[in-house]
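# Close look at the chain arrangement
The lines below spell out each chain.
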Amino acid sequence: MSKFLNKKYCLLEAYTPGEQPQDKKYIKLNTNESPYPPSQGVLEAINGSQVSLLNLYPDPECKELRRNIAAHYGVTESNVFVGNGSDDILNFAFMAFCGRDSEAAFPDISYGFYKVYAELHGIPYKEIPLTESLEVAAQDYIGINKNVFIANPNAPTGLTLSIDEISKICESNRDYIVLIDEAYVDFGAESSASLTQKYGNLITVMTYSKSRSMAGSRLGFAIANEELVKDLEKIKYSTNPYSINRLTNLAGIAAIKDSAYYEENCKKIVETREFTKSELKKLGFEMTDSKSNFIFAKNSRIGGEELYKKLKDNGILVRHFSKARIKDYVRITVGTREQMEILLNVIKGII
Ligand SMILES: *Cc1c(COP(=O)(O)O)cnc(C)c1O
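None of the values given here were measured: they were computed from a predicted structure.

Once that is clear, we can look at helix α10 (residues 304–313). Given 3.6 residues to a turn, an α-helix orients residues that are three or four positions apart in the same direction. Where α10 is concerned, the buried positions are Gly304, Leu307, Tyr308 and Leu311. Axial view of α10: buried residues confined to an arc of 100 degrees, hence all on one face. Directly after α10, the chain includes Gly315, whose backbone phi takes a positive value near 80 degrees.

Structure (structure tokens):
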């Protein structure tokens, strides 16, 4: 820390992304990326003639992209906001809707960025403990009168809330926003996107990073009431109007058009998840009922950190979290069937 860093940031603890080692080739099961490449349409959209236009700014409104996303989810373009990854959108939502007079609430074990954004902007927040079985208890958020941020499925547990529970939270919290972070929704949960027509305080956030194989291009979107979209745009146009670059914009349009390809990939990932879980169970692992593209697993014969380290020594990266309640677990991204077979063999050797 230099002596110049403003005092307000001295105690800020930044988010720690999962490792992205550049030194050697690992089987990467640590940041929930898709093991499959982007669709053919995406590969074709980003071509030499498009690259040669990089001297020109992109469309700040991303009109065609938003039109395509809207059509896919059965809403209108004015209900769609796009950002440079869903992280960008989460940050904007904290900026736009929270403040000293409008607190935030989120689970104590969830996506680590919620707390970081609250701290970054000096927003008071309440962390609501998960239940004994690591679930988000909907009743804790009903009538809470705070801006609610919930990942559904939650990370790193993969556990879900029902649409009915989300409705009740929106219904009972009318003076505050309810943001549902659906980064993993395509792997078996039900989306709240259609509820945005009914609840003017609901924001459904999704990303191209997981189910749409585009973590490297940074694209996320939110579906919400037109007024909320305008509020988010106000923040975007006050920071960086061109946050979606030309190539990402084109890739995003092509990926929506190739939805069938991504749905097929999601199906494969769900099958591989269930196969891997049943094999891990035979090895004595306990797991949550994950509806995501990751498995959250523990084994009484080996600690989470030790398993993480031994897997890394064997060229496989998974994620370990040191928070007390989940320190026995590792989070394993579901890769291809071949990758998971290698993982299972290595784990057999370790335990
Ligand atoms: C991966 C993830 C994000 C971030 O996605 P980007 O679009 O890559 O910024 C947001 N929320 C959750 C819960 C995630 O797991």
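Moving on, we get to the pattern of salt bridges. Going through the model one piece at a time under the given rule, you end up with 20 salt bridges. A salt bridge links Lys327 to Asp328; the nearest nitrogen and oxygen atoms lie 3.6 Å apart. In this structure, Glu341 and Arg337 form a salt bridge, with 2.8 Å as the shortest nitrogen-oxygen distance. In this pair, Glu341 and Arg337 both sit in helix α11 (residues 337–350), four residues apart, roughly one turn of the helix. Taking the relative accessible area as the measure of exposure, Arg337 reaches 37% and is therefore partly exposed.

This part takes up unusual backbone geometry. Residue Asn152 is joined to Pro153 through a cis peptide bond whose omega torsion reads -5 degrees. Cis geometry is found at the peptide bond from Ala155 to Pro156, where omega equals 5 degrees. Mapping Pro156 onto the fold places it in the loop between β5 (147–151) and α6 (163–171). Of note, Asn145 is a non-glycine position whose phi angle comes to about 55 degrees, a positive value. Looking at the element boundaries, Asn145 is found in the loop between β4 (125–128) and β5. Take Asn145: its relative accessible area is 42%, and that puts it in the partly exposed class. Phi angles above zero are rare outside glycine, and Arg218 is one such case at about 65 degrees. Structurally, Arg218 is set in the loop between β7 (202–207) and β8 (220–224). A residue is classified by how much of its surface remains accessible, and Arg218, at 29% relative accessible area, is partly exposed.

As a further point, take the site of the ligand. Close contacts around the ligand come from Gly85, Ser86, Asp87, Tyr111, Asp181, Ala183, Tyr184, Thr207, Ser209, Lys210 and Arg218, and that covers them all. Within the contact set of the ligand, an oxygen atom lies 2.5 Å away from a side-chain nitrogen or oxygen of Thr207. Relative to its unbound accessible surface of 390 Å², the ligand loses 93% to contact with the protein. If you tally residues by element for the shell around the ligand, the top one is helix α4 (residues 85–97), at three residues. In terms of residue class, the shell around the ligand is made up of three nonpolar, four polar and four charged.

With that settled, the discussion passes to the domain arrangement of the chain. What the domain assignment reports for the chain is domain 1 (20–37 + 260–350) and domain 2 (40–257). Centre-to-centre separation of domain 1 and domain 2, based on C-alpha positions: 25 Å. On the side of domain 2, 30 residues touch domain 1, which itself brings 27 residues to the contact. Taken as a group, Tyr262, Lys291 and Arg325 account for 33% of the area that domain 1 buries against domain 2, more than any other trio of residues on that side. Run the count over domain 1 and domain 2 and you get one salt bridge. Here Arg325 makes a salt bridge to Asp108, at a shortest N to O gap of 4.0 Å. Where domain 1 meets domain 2, there are nine residue pairs in polar contact (both at pLDDT 80 or more). Among the elements that make up the side of domain 1 that touches domain 2, the one with the highest residue count is helix α9 (residues 259–282) (seven residues). Among the residues forming the side of domain 1 that touches domain 2, the class breakdown is 11 nonpolar, eight polar and eight charged.

Reading the values: rules and limits
- Residues numbered from 1 in each chain as written.
- Predicted model: local features only at pLDDT ≥ 70, side-chain atom pairs only at ≥ 80, totals over all residues.
- Heavy atoms only, no water.
- Buried < 20%, exposed > 50% of the residue type's maximum accessible area, 1.4 Å probe, protein only.
- Helix = DSSP H or I, 4+ residues; strand = E, 2+ residues; numbered from the N terminus.
- Arc of directions from axis to C-beta.
- Salt bridge = Lys/Arg side-chain N within 4 Å of Asp/Glu carboxyl O.
- Near = heavy atom within 4 Å.
- Polar contact = N/O pair within 3.5 Å; in protein donor to acceptor, adjacent residues only side chain to side chain.
- Areas by Shrake-Rupley, 256 points an atom, 1.4 Å probe, with all protein chains shown as cover.
- Nonpolar A, V, L, I, M, F, W, Y, C, P; charged D, E, K, R; others polar.
- Domains from an automatic or database assignment.
- Contact = heavy atoms within 4.5 Å.
- Buried area = accessible area lost by both parts, 1.4 Å probe.

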